[in-house]
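Structural features, examined
This is what each chain is made of:
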Amino acid sequence: MLGRTANGIFWMFRYLERAENTARLLDAGLRMALTRDNTKAEDEWRSVIKTSGQQAAFETKYDTYEGSNVWNFILRDKENSANILSTFELVRTNARMVRSSISSEVWEAINESWMNLKDQMKRPVAQGNLGKVVHDVRQAGMQVHGAMSGSMLRDAGFHFGRAGTFLERGDSVARILDIKYYLLLPSPSYVGSSLDTGQWDNVLRSVSGDRAYRWLNAGQIDARGIVEFLVLDDRFPRSLAYCHSALRENLAALARIHHQEGQCDTLMREADKDMNELTIEAVFENGLHEFLRGFINRNSSFAAAIADDYRFIA
Amino acid sequence: MGDTPIRFDEMFAADDNVRPAYEGYSDWYDEQDPKWLRRKHGEAENSFRKTGITFNVYGEDEAEERLIPFDMVPRIIGAAEWRKLTRGIEQRVSALNSFMYDLYHRQEIIRAGRVPERLFRNNAAWLQQMVGFTPPGGVYTHIVGIDLVRTGPNDWFVLEDNARTPSGVSYMLENRETMMAMFPELFSDVQVEPVSNYPRSLAKSLAACAPAACNGKPNVAVLTPGIYNSAYFEHAFLADQMGAELVEGSDLRVVDGRVQMRTTRGFQPVDVIYRRIDDEFLDPLTFNPDSMLGVPGIMDVYRSGGVTIANAPGTGVCDDKAVYSYMPEIVEFYTGEKPLLPNVQTWRCADDDSLAHVLDNLEELVVKEVHGSGGYGMLIGPTSSKKEIAEFRKKLQKSPSNYIAQPTLALSTTPIFTRKGLAPRHVDLRPYVLVSPDGVTITPGGLTRVALKEGSLVVNSSQGGGTKDTWVLAE
């Protein structure tokens, strides 16, 4: 497989995951805002913008956090280069670039979703249509993953795509957790206290973990439990532990296919050791923020090592 | 307006009787509910959008991807008729290949006085670097798309020889796929020759031209300028269908005297490159130094037998319309036979007598640039205004040798589907021809381009043309 193609598939799946995660965040924000009075709703929208890392860009354009400005900014505003529509366009552009290395099922799932999303976001999205748009972005992700799982040869391309997916997913969940944690727990003494359960519910929702968490914890909501769930529970497909082991498996498959290990495999051995020894006590003792920053930084190192090992760029 | 020439309709004879090739289709068509057909018409477009069979249009606001309109009435050619055509095409393509060889070697055709020396002296596509070099397998024109037009029951003419990089073959294949998906029962009623072998034949034919340096199974790659090129879809499609790598210039590098591609395992040699970029961008060291699309040093590797480039650099010489005008002489010189497929009558404006004739009859002629393509930069006398003709006259007088002129042909029509039922439109035909050391392969079918506007003779997709599935009936 060409290095450029591997790069294209890797990023195609990163962007797909990014679009989907941003849509989840928006969805959770909308739900919260709907149940609040106006001032509180603004707080909620601010938190959505902040979590998606777009605060600076948003504030150069708007003074207040009005709902429709927020979701349109996140969905389709050209002044926000990370908007969902542009992100999805990058999915499609990369897919077009690697067209001959993905199955037509995967390509068509992307292309059809792109046509649908582009059409729905041609004009500013009204509140009544927001739910559908957000749903369709998430649906697009499901369709592409389904098409991939059912139609693609388990060769290098498949594993580059998977590696991209889980790298991005882990990254995104860590960022959400990091920002929400600061927002929700102004000081460490709050750990374990029953703060606003609605807020925590929101965190879970934004990673589609609310149902699974309630199921496992019989409806109990507390900060420590949720952090443990999102960081360490490797049964949940969006937890950091799960993303970590999925990345490990795909890197191992790539090393097998290429008959050689690279820097990313060395990095993985270190990360694996750390992850195996990790306890929730240690996370809180050393600081959740520090842990999450470490996780995010290591993700960047993985991305760089993979690109280098597999000659993504000339 | 002058006399309206009698046009030949391929489906209906003058008495409205259906011609034999269309009988099976016509029987089927008459049984269909028009409402259902109209719905199918909409479905076709949708299916093309989903698969992404689009072409990019330059110069629009956003680099927009557009669909070439598809018409769901097939263009049908009878078995005997096709057999005749293929003999003519084979003869012409063999002659083209011999001509290329001769032109870059002893130039016997010029010594014999059959064509003038200026044919290559004035030819922008001529490559000095190819002189004395024989490409692997002796093949210059691996892929050719001969444009044919028809004016009567037995009157087929060659309009252009596209020997450089003919495009559109993906439409031939996808149009058939679409037709089979939409009207499966039609294909059990009418026996149609399949076109689906084309990618396999192409892969085989390219592999048969592997260079001397190749050991083992030849590695074939399709070289594309990238996703913003107007024909990118086709490049990806062909690579996918052949199981070949789709590469860009930045993926390739000359390493150890071979052209190698950067894979996730490191550099690996490529044996045959089906390039979809023009000569001048192939090698910045040899041609255009600003080219970002090509591979520095590829021409040296080529000349030393390290890689095969298809079509061979310098084959663009044949696409020149001045060369076209000599094709009857060229065919006869190399095959010793009269051409089976005639040229359209052509006046070379480089000759004073011809120029005088052309200037006197601009209102009735089609005038084309010698190096032009795609329907740009040409004059269609009968449909142009006085002002347009006057402007063109000036250009023509300024540099006559840049132009050739042809009569405005009454291209044949075939019906297209409209809201009001079948309606005749003008068409042309581009069959796809593969050349390898083992011989010439012609896929039974091709790309039928159709001018969708009533009365229009311009079939180019960039100017409102559409496409049709082209059927060759089984024997």
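Just so it is clear, the structure is predicted and the values come from calculations on it, not from any experiment.

So, the overall build of chain B
- For chain B, the helix and strand inventory stands at 15 helices and 22 strands.
- Viewed in the frame of its principal axes, chain B has a C-alpha envelope of about 65 × 55 × 50 Å.
- In chain B, which comprises 475 residues, the share counted as buried stands at 45%.
- Of the contacts formed within chain B by residues at least 6 apart in sequence, a portion of 69% connects residues at least 24 apart.

Let's talk about the overall build of chain A
- Across its full length, chain A carries 15 helices and zero strands.
- For 314 residues, the compact-globule formula gives about 20 Å, and the C-alpha radius of gyration of chain A, at 19 Å, lands near that figure.
- If one aligns the C-alpha atoms of chain A with their principal axes, the spans along those axes are about 55 × 50 × 35 Å.
- Looking at the 314 residues of chain A, the share that counts as buried comes to 46%.
- Considering only residue pairs separated by 6 or more positions, chain A has 70% of its internal contacts joining residues 24 or more positions apart.

Examining the pairing of strand E14 (residues 365-369) of chain B
- As judged from the five bridges shared by E14(B) and strand E16 (residues 403-407) of chain B, these two strands associate in the antiparallel manner. Counted as the bridge partner of Val367(B) is Ala405(B) from E16(B).

Description of the sheet that holds strand E13 (residues 347-348) of chain B
- As summarised here, the arrangement of the four strands in space is E13-E16-E14-E15 (chain B), forming an open sheet in which the pairing is antiparallel. Strands at the two margins of the open sheet, each flanked by one partner only, are E13 and strand E15 (379-380) of chain B.

A short note on the sheet that holds strand E12 (residues 308-310) of chain B
Residue and element names in this part refer to chain B.
- Here four strands make up an open sheet; going across it, the order is E7-E6-E11-E12 and the pairing parallel. Looking at strand neighbours, the two that pair on one side only are strand E7 (245-247) and E12, the edges of this open sheet. Across this sheet, the average inter-strand angle for adjacent strands is 25 degrees, counted without regard to direction.
- Direction of pairing for strand E6 (residues 220-223) relative to E7: parallel, over a ladder of three bridges. For Val 222, the partnering residue across the bridge sits in E7 and is Leu 246.

Some points on the environment of Val255(B)
All names here are of chain B.
- In this fold, Val 255 is placed in strand E8 (residues 252-255).
- For the pair formed by Val 255 and Val 301, sequence separation is 46 residues and the distance between their alpha carbons is 9.8 Å.
- In contact with Val 255, not counting residues within four places along its chain, are Gln 260 and Phe 267.

Some points on the confidence of the model for chain B
All names here are of chain B.
- Predicted confidence across chain B gives a mean pLDDT of 91, with 96% of residues reaching 70 or more.
- When pLDDT is averaged over each helix and strand of chain B, the minimum, 63, is found for strand E1 (residues 55-56) and the maximum, 98, for strand E11 (residues 272-275).
- Scored by ipTM, the complex comes to 0.85, with pTM at 0.90.

Thresholds applied
Residues numbered from 1 in each chain as written. Chains lettered and ligands numbered in written order. Predicted model: local features only at pLDDT ≥ 70, side-chain atom pairs only at ≥ 80, totals over all residues. Helix = DSSP H or I, 4+ residues; strand = E, 2+ residues; numbered from the N terminus. Buried ≥ 20, exposed ≤ 12 C-beta atoms within 10 Å, placed from the backbone. Contact = placed C-beta atoms within 7 Å. Rg over C-alpha atoms; globule rule 2.2 N^0.38 Å. Pairing = 2+ DSSP bridges. Axes fitted to C-alpha atoms, helices over the stretch in contact; angles between N-to-C directions. pLDDT = per-residue confidence, 0-100.

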